[in-house]
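Read off the chains here:
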Amino acid sequence: MPERTFIAHLEDDATKGIKEYFNYGQQHCIMIGPEGDFSTNEIAAAYEVGIKPVTLGQSRLRTETAALAACHTLHVLHDIFAPL
């Protein structure tokens, strides 16, 4: 598992965005759930192994769009924090 693994879900405790956990030069893995979100048991299992919750914003996104939004966010953060 990459050093930085996150689960994007719609529960109330997913309040921090990707940028708050981003570390330049480290691998990041963001788990995107199925349509209808992860189950509460899946979220709890993720927390048990140290996976942190993240939000992708206020809008509910389709699975395909959520994956693209997460990848794009990481790409933009990588560009912002890249050494000159």
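Whatever comes next refers back to the structure up there.
Fair warning: this is a prediction, and the values are worked out from it, not measured in the lab.

Enquirer: Break down the sheet that holds strand S1 (residues 4–8) for me, with residues and values.
Expert: Here we have three strands laid out as an open sheet, ordered S2-S1-S3, and parallel in their pairing. Pairing within the sheet leaves two strands with one partner each, and these edge strands are strand S2 (28–32) and strand S3 (52–54). Taking each pair of neighbouring strands and ignoring which way they run, the sheet shows an average axis angle of 35 degrees. Of the strand pairs in this sheet, S1 and S3 are connected by three bridges, and their pairing is parallel.

Enquirer: I'd like to hear about the state of the cysteines, residue by residue, with values.
Expert: The final tally for this structure, using the stated rule, is zero disulfides. Take Cys29: it sits in no disulfide, and the sulfur closest to it among the cysteines is that of Cys71, at 9.9 Å. Judged by its relative accessible area of 28%, Cys29 falls in the partly exposed class.

Enquirer: Lay out the nonpolar core with the relevant residues and their values.
Expert: A general feature of soluble globular proteins is that nonpolar side chains tend to end up buried together. Phe6, Ala8, Ile18, Tyr21, Phe22, Ile30, Val54, Ala70, Leu74 and Leu77 together form the largest nonpolar core, which totals 10 residues. Of all the elements in the fold, those that place two or more residues in this core are S1 and helix H2 (63–81). It is H2 that provides the largest number of residues to this core, a total of three residues. The contact partners of Phe22, leaving out residues within four places of it in the chain, are His28, Leu74, Leu77, His78 and Phe81. If you look at the next biggest cluster of nonpolar residues, it comprises five residues, including Ile7, Phe38, Ala46 and Ile51.

Enquirer: Explain unusual backbone geometry residue by residue, including any values.
Expert: Here the phi dihedral of Asp37 falls at roughly 85 degrees; this positive angle occurs in a residue that is not glycine. By relative accessible area, which is 18% here, Asp37 ends up buried.

Criteria and thresholds
Residues numbered from 1 in each chain as written. Predicted model: local features only at pLDDT ≥ 70, side-chain atom pairs only at ≥ 80, totals over all residues. Heavy atoms only, no water. Pairing = 2+ DSSP bridges. Helix = DSSP H or I, 4+ residues; strand = E, 2+ residues; numbered from the N terminus. Axes fitted to C-alpha atoms, helices over the stretch in contact; angles between N-to-C directions. Disulfide = S-S within 2.5 Å. Buried < 20%, exposed > 50% of the residue type's maximum accessible area, 1.4 Å probe, protein only. Core = buried A, V, L, I, M, F, W, Y, C linked by side-chain atoms within 4.5 Å. Contact = heavy atoms within 4.5 Å.

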